[in-house]
Amino acid sequence: MSPEISGFRRFLHWGPITALSIIKCITLTTLYMNSMWWPPNKSFAGFAHQALFLLLSTLATFNYVMATLTGPGLMPKQWHPKDPKDAQFLQYCKKCEGYKAPRSHHCRKCDRCVKKMDHHCPWINHCVGWANHAYFTYFLLFSILGSLQGTVVLCCSFWRGIYRYYYLTHGLAHLASVQFTLLSIIMCILGMGLAIGVVIGLSMLLFIQLKTIVNNQTGIEIWIVEKAIYRRYRNADCDDEFLYPYDLGWRANLRLVFNDECQKRGDGIEWPVVEGCDQYTLTREQLAQKEEKRARTRTFKCTRPVTGRWLPIFSQGWRVCVAAPCSDEPRISLRPNDMIKVTRFRNHWLFGERVLSEQELAGVKKRQRKGPIRGWFPRRSAVEVIEAVHEGSGDGNSETPAPAAQNGNAHSHLKQQQRNGHAKKYM
Ligand SMILES: [Zn+2]
Ligand SMILES: [Zn+2]
């Protein structure tokens, strides 16, 4: 996706179209049913009830539109820190050709580095981050409240509608106010399903967002902190205690997001930090983690074709499919003899980057292959390449990597890796 997509073109995507359709479907169905169940023109209470619903629906729509239009705040391309010396503490983004400011991350879907990136949300077709965190959270809150009211209205009117005949024949004509047509009964059932779905789904999301805001720690940062703690637990020589720099206490954390500027406080690049930390506490930790990851990288060689499908049941079998990683990261296709630099390990799946052939690097058109080069692939289609040390050469230079697959060693080696797998959760 092009990062230049701006303004209302952001809405021309299945996410916003579906989300807005759901909001409008619940709103219109609720208004229609409510006009029969509790007519707003007959009593002040009825009027106030309808006005409240309209207010919630409008606020949900407004915050939704603002979250999409505002966006998360993108890092300027080719960004450099003010003091060039600080660049050593920052990661470099090859795609944006600039440094990543603290708390910013590159989003594959937006194809840009995003300030205080929380996650990419397909429903708003944008990331949730520094600039739109408040709008997004308000959208969740008002949608849940509006849908809750909608659920009550739709359930009550549905009840009255289907018992209309009973009311009329038992002298309760004043309760027989809801009259269904085929279309309205279908819309009522659909509206109820959607409203209940929104309440359940968005409540879970709102809970996660509030936790993120109260701790001033995004989903990505929770992951970094977890790895930081584990890194210290594993490395005896790493004795400095890791202190998360952005948790200023729940009140101050809330004020950072919910304020008059709706999160646009500061520039999204410099953040207030707790005592004992500086602007680069977290980025230094990220660099150290990256360094360790590089050291952990192992080379694998593809032994049988990989389709790159998400559930390769025919080529790989059901066990591989059942254990498929729960993430939207890409799956890569491979051909025999492809080399892959693997950084993450699961029992049945590996995550790595395919090493490009010389022709591909040279840009020979015929040799170019489609699809991503970084992603997951089934473990059983590749074997680890063990670098054999030339005995007697004395200089310890490693020989050409030899695939360990030809004999049984490959299997026992893989088994060994699986036994060592206690660390894989953190990779
Ligand atoms: Zn980037
Ligand atoms: Zn994004």
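Please read these numbers as outputs of a predicted model, since none were measured by experiment.

## A few points about the overall build of the protein chain
For step 1, the next point in the chain: Each helix and strand counted, the protein chain has twelve helices and twelve strands in total.
For step 2, the next point in the chain: Buried residues in the protein chain amount to 29% of all 427 residues.
For step 3, the next point in the chain: The contacts of the protein chain with a sequence gap of at least 6 include a subset with a gap of at least 24, amounting to 68%.

## Quick word on the UniProt feature "transmembrane region" (unreviewed entry) in the protein chain
For step 1, the next point in the chain: The UniProt record annotates "transmembrane region" (unreviewed entry) at residues 12-32, 44-66, 135-159 and 180-208.
For step 2, the next point in the chain: Overall, residues 44-66 shows 100% helix and 0% strand. The separation of its end C-alpha atoms is 32 Å.
For step 3, the next point in the chain: Within the segment residues 135-159, helix and strand shares are 100% and 0% respectively, and the terminal C-alpha atoms sit 36 Å apart.

## As for the environment of Gln286
For step 1, the next point in the chain: Tracing the backbone shows Gln286 in helix α8 (residues 281-296).
For step 2, the next point in the chain: Judged by the 21 C-beta atoms lying within 10 Å of it, Gln286 falls in the buried class.
For step 3, the next point in the chain: Gln286 sits 59 residues away from Lys227 along the chain, and the two C-alpha atoms are 9.3 Å apart.
For step 4, the next point in the chain: The residues contacting Gln286, other than those within four sequence positions of it, are Gln91 and Ile224.

## Observations regarding the confidence of the model for the protein chain
For step 1, the next point in the chain: Here the protein chain averages 86 in pLDDT, while 87% of its residues score no lower than 70.
For step 2, the next point in the chain: No element of the protein chain has a lower mean pLDDT than strand β12 (residues 402-403), at 41, and none a higher one than helix α3 (residues 133-162), at 96.
For step 3, the next point in the chain: Residue range residues 389-427 is modelled with pLDDT below 50. Its contacts to residues more than four positions away, or to other chains, number 39 contacts.

## So, the pairing of strand β9 (residues 349-354)
For step 1, the next point in the chain: Here five bridges tie strand β8 (residues 339-345) to β9, and the two strands are oriented antiparallel to one another. Across the sheet, the residue bridging to Ile340 is Arg354, located in β9.
For step 2, the next point in the chain: Hairpin connection, β8 to β9: the antiparallel pair is bridged by three residues.
For step 3, the next point in the chain: Inspection of the sheet shows β9 paired to strand β10 (residues 374-378) by five bridges, in the antiparallel sense. Paired with Leu350 across the two strands is Phe377, which belongs to β10.

## Let's talk about the packing of helix α6 (residues 219-234) against α8
For step 1, the next point in the chain: Contact geometry of α6 with α8 gives a least axis separation of 10 Å together with a crossing angle of 65°. Remark: the crossing between α6 and α8 carries left-handed chirality. Note on element contacts: α8 touches α6 through Leu282, Glu285, Gln286, Gln289 and Glu292, opposite Ile224, Lys227, Ala228 and Arg231.
For step 2, the next point in the chain: Partitioning the contact of α6 with α8 into residue classes produces three nonpolar, two polar and four charged.

## Focus on the nonpolar core
For step 1, the next point in the chain: Residues Val114 and Phe139 are the most contacted members of the largest nonpolar core, which totals 44 residues.
For step 2, the next point in the chain: For this core, the secondary structure elements donating two or more residues are α1 (14-37), α2 (44-70), β4 (112-114), β6 (126-128), α3, α5 (182-214) and α7 (250-257).
For step 3, the next point in the chain: Ranked by residues supplied to this core, first place goes to α3 with nine residues.
For step 4, the next point in the chain: Not counting chain neighbours up to four residues away, the residues in contact with Val114 comprise Pro72, Leu74, Ser104, His105, Cys107, Cys127 and Gly129.
For step 5, the next point in the chain: Core analysis: the next-biggest nonpolar cluster, separate from the first, contains 13 residues, Val306, Ile332, Leu334 and Phe377 among them.

## As for unusual backbone geometry
For step 1, the next point in the chain: Phi is positive for Arg103, which is not a glycine, with a value near 75°.
For step 2, the next point in the chain: Structurally, Arg103 is set in the loop between β2 (98-99) and β3 (105-107).
For step 3, the next point in the chain: Judged by C-beta crowding, with 25 C-beta atoms within 10 Å, Arg103 ranks as buried.
For step 4, the next point in the chain: For Asn125, which is not glycine, the phi torsion reads 55° and is therefore positive.
For step 5, the next point in the chain: In this structure, Asn125 sits in the loop between β5 (119-121) and β6.

## Re the environment of Leu12
For step 1, the next point in the chain: By secondary structure assignment, the location of Leu12 is in the segment before α1.
For step 2, the next point in the chain: The sequence separation of Leu12 and Asn125 amounts to 113 residues, and the corresponding C-alpha distance is 8.9 Å.

## Things to note about the environment of Leu202
For step 1, the next point in the chain: Assignment of secondary structure puts Leu202 in helix α5.
For step 2, the next point in the chain: By C-beta crowding, Leu202 is classed as buried, having 20 other C-beta atoms within 10 Å.
For step 3, the next point in the chain: The spatial distance from the C-alpha of Leu202 to the C-alpha of Leu141 is 8.2 Å, given a sequence separation of 61 residues.
For step 4, the next point in the chain: Other than its neighbours up to four places away in sequence, Leu202 contacts Leu140, Ser143 and Ile144.

Calculation rules
Along each chain, residues carry numbers from 1 onward, in the same order as the chain's sequence is written. Labels are handed out in written order, letters beginning with A for the chains and numbers beginning with 1 for the ligands. Confidence filtering applies because this is a predicted model: local features only for residues at pLDDT of at least 70, side-chain atom pairs given and counted only at 80 or more, and all residues used for totals across whole chains, interfaces and linings. Elements are defined by DSSP. Helices are runs of H or I of four residues or more, strands are runs of E of two residues or more, and each kind is numbered from the N terminus. Neighbour counting defines burial: a residue surrounded by 20 or more other C-beta atoms within 10 Å of its own C-beta is buried, one with 12 or fewer is exposed, and intermediate counts give partly exposed, using backbone-placed C-beta atoms. Two residues form a contact once the distance between their C-beta atoms, set from the backbone, is within 7 Å. UniProt positions are given in the numbering used here, feature names are shortened, and annotations may be inferred rather than shown by experiment. Think of pLDDT as the predictor's per-residue confidence, scored from 0 to 100. We treat two strands as partners when DSSP finds at least two bridges between them. Here an axis means a line fitted to C-alpha atoms, over the contact stretch when the element is a helix, while the angle between two N-to-C directions is reported on a 0 to 180 degree scale. Handedness of each helix crossing follows the sense of rotation of the near helix against the far helix: counterclockwise by less than a right angle gives left-handed, clockwise gives right-handed. Residues are grouped as follows: Ala, Val, Leu, Ile, Met, Phe, Trp, Tyr, Cys and Pro are nonpolar; Asp, Glu, Lys and Arg are charged; all remaining types, including Gly, are polar. When buried Ala, Val, Leu, Ile, Met, Phe, Trp, Tyr and Cys residues are joined through C-beta atoms within 7 Å, the set is termed a nonpolar core.

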